[in-house]
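Commentary on secondary and tertiary structure
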Amino acid sequence: MQLKSYILFFLLISFNYNLYSQQTNDSPYETDLLKDGIWIATGIGLNVAGVMLIQNKPGLTEAELNALSKDDIWGVDRWAAGNYSEKANSDSYIPMFTSFALPLALMLNQNERSHAGQISVLFIESMATTGALFSITAGLVQKSRPLVYNTSIPAEERMDNDEQRSFYAGHTAATASATFFAAKVFNDFNPDSPWKPVVWGVAAAIPATVGYLRIRSGKHFLTDNLIGYAMGAASGIIIPEIHKKHNKNVEIYPTMSFHNMGENFNSQGLGITYTF
């Protein structure tokens, strides 16, 4: 996905952080200025680190391109090798960007609207977490997209480094994070609503549609989308859950450090433990 735009989205929406201190008496969540501030800053920092990894990722050599074989692909993914559709690629952005607006629909309810700042903070954290996990993974894992196996595409395009980050599906992950976040918040603010099955159903359907289009476009294999879907949905659900009031089984603590190809990336991140 367009990672620079993704990070710009985080930076712009972060200006709403001052709203975070709004009244939370009727909210199922509680937030902490220091912890949530660290979380958001770390998420943005790790997204930047992920973009650096992706930009410095090597493309394929001609020998490596010629050595690629569909027979080396997992059977569950092999059928998608060679897929290519510019239309499916452009169409996939429609439901993805639509999903980013779903949390705004929560503002139709008075209670959610009165806690817009707090919900915005949680949404930023969910999307920042999803983006960090995706971008760092995409930067570290070398996996050619399905379209690279399509010999009708010019070799120069197939060897480009941007086509070597099939794992995992960022569009699907970001969409799932946004839709499941909206469903989770609606669920927590409206536990007795008869609309909950519909909301969860829509939340599940939109990223599934994005995943289908990403497969058709030749950008990702089935397993890339399944993992992206799961990672995004988990972030969208878990971030609000660990902020629920009286949830004392969750502990958050700073941690983060990794090394890649001689480069060191050190960041004050947040670790999470859950005690059963």
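Residues numbered from 1 in each chain as written. Predicted model: local features only at pLDDT ≥ 70, side-chain atom pairs only at ≥ 80, totals over all residues. Heavy atoms only, no water.

**Quick word on the overall build of the protein chain**
Helix and strand counts for the protein chain stand at 12 helices and 4 strands. In the protein chain, buried positions account for 49% of the 276 residues. Taking the contacts inside the protein chain whose residues are at least 6 apart along the sequence as the reference set, 79% of them involve residues at least 24 apart. Split by element, the accessible area of the protein chain, about 13200 Å² in all, is 60% carbon and sulfur. (Helix = DSSP H or I, 4+ residues; strand = E, 2+ residues; numbered from the N terminus. Buried < 20%, exposed > 50% of the residue type's maximum accessible area, 1.4 Å probe, protein only. Contact = heavy atoms within 4.5 Å. Areas by Shrake-Rupley, 256 points an atom, 1.4 Å probe, with all protein chains shown as cover.)

**Examining the nonpolar core**
Core analysis: the largest hydrophobic core is formed by 17 residues, its most contacted members being Phe100, Leu106, Ile119, Met127, Phe181 and Val185. Where this core is concerned, the elements lending two or more residues are α6 (93-105), α8 (116-140) and α10 (170-189). Of the residues forming this core, the biggest block, 6 residues, is contributed by α10. With residues near it in sequence (within four places) discarded, Leu106 still touches Glu112, Ile119, Ala182, Val185 and Phe186. Among the nonpolar cores identified, the runner-up in size contains 6 residues, and Ile73, Tyr149, Ile215 and Phe221 belong to it. (Core = buried A, V, L, I, M, F, W, Y, C linked by side-chain atoms within 4.5 Å.)

**Details of the environment of Tyr168**
Mapping Tyr168 onto the fold places it in the loop between α9 (155-159) and α10. In this structure Tyr168 touches Thr130, Leu133, Phe134, Thr137, Ala173, His220, Asp224, Ile227, Gly228 and Met231, once residues within four positions along its chain are discounted. A distance of 3.2 Å separates the side chain of Tyr168 from the backbone nitrogen of Phe134, its partner in a polar contact. (Polar contact = N/O pair within 3.5 Å; in protein donor to acceptor, adjacent residues only side chain to side chain.)

**Comments concerning helix α2 (residues 33-55)**
Helix length check: α2, at 23 residues, gives a terminal C-alpha distance of 33 Å against a target of 33 Å (1.5 Å per residue), a fit within 8%. By the N-cap criterion, in which a side-chain oxygen at the helix start approaches the backbone nitrogen of a residue two or three places on, α2 is capped by Asp32, the distance to Leu34 being 3.1 Å. (Expected span 1.5 Å × (residues − 1).)

**Quick word on the packing of aromatic side chains**
Across all of its chains, the model carries 9 aromatic pairs by this definition. Seen from their ring centres, Phe123 and Phe181 are 5.3 Å apart, and the 45° between their planes marks the pair as tilted. With Phe123 in helix α8 and Phe181 in helix α10, the pair connects residues that are 58 residues apart, well separated along the chain. You can call Phe123 buried: its relative accessible area is 5%. For Phe181, a relative accessible area of 0% gives the class buried. (Phe/Tyr/Trp six-rings, centres within 6.5 Å; stacked < 30°, edge-to-face > 60°.)

**Regarding the environment of Arg216**
As for its placement among the helices and strands, Arg216 is situated in helix α11 (residues 196-217). Measuring from C-alpha to C-alpha, the distance between Arg216 and Pro146 comes to 9.3 Å, with 70 residues separating the pair along the chain.

**What about a nonpolar patch on the surface?**
A cluster of nonpolar side chains, contributed by Leu133, Ile227 and Met231, occupies part of the molecular surface with about 210 Å² of accessible area. Looking at the element boundaries, Met231 is found in helix α12 (residues 222-242). Residue Met231 is classed as partly exposed on the basis of its relative accessible area of 32%. (Patch = residues over 30% accessible without salt bridge, like charges linked within 9 Å, V, L, I, M, F, W, Y side chains within 5 Å. Salt bridge = Lys/Arg side-chain N within 4 Å of Asp/Glu carboxyl O.)

**Things to note about the packing of α8 against α12**
Following both chains from N to C, one finds α8 and α12 inclined at 145°, their axes separated by 9 Å at the closest point. Where α8 crosses over α12, the two elements pack in a sense that is right-handed. Counted together, Leu122, Glu125, Ser126, Thr129, Thr130 and Leu133 of α8 and Met231, Gly232, Ser235, Gly236, Ile239 and Pro240 of α12 form the full contact between these two elements. Split into classes, the residues belonging to the contact of α8 with α12 amount to 5 nonpolar, 6 polar and 1 charged. (Axes fitted to C-alpha atoms, helices over the stretch in contact; angles between N-to-C directions. Left-handed = near helix turned anticlockwise from the far one by under 90°. Nonpolar A, V, L, I, M, F, W, Y, C, P; charged D, E, K, R; others polar.)

**Quick notes on the side chain of Ser166**
Inspection of the secondary structure puts Ser166 in the loop between α9 and α10. Since its relative accessible area comes to 0%, Ser166 is described here as buried. In contact with Ser166, not counting residues within four places along its chain, are Lys143, Ser144, Arg145, Pro146, Lys219, His220, Phe221 and Asp224.

**Notes on the packing of α10 against α12**
Between α10 and α12, whose axes approach to 7 Å, the crossing angle comes to 35°. Considering the relative orientation of α10 and α12, their crossing is right-handed. Every residue of α12 that contacts α10 at Thr172, Ala173, Ala176, Ser177, Phe180, Phe181, Lys184 and Val185 is listed here: Asn225, Gly228, Tyr229, Gly232, Ala233, Ser235, Gly236, Ile237, Pro240 and Glu241. A class-by-class count of the residues in the contact of α10 with α12 yields 9 nonpolar, 7 polar and 2 charged.

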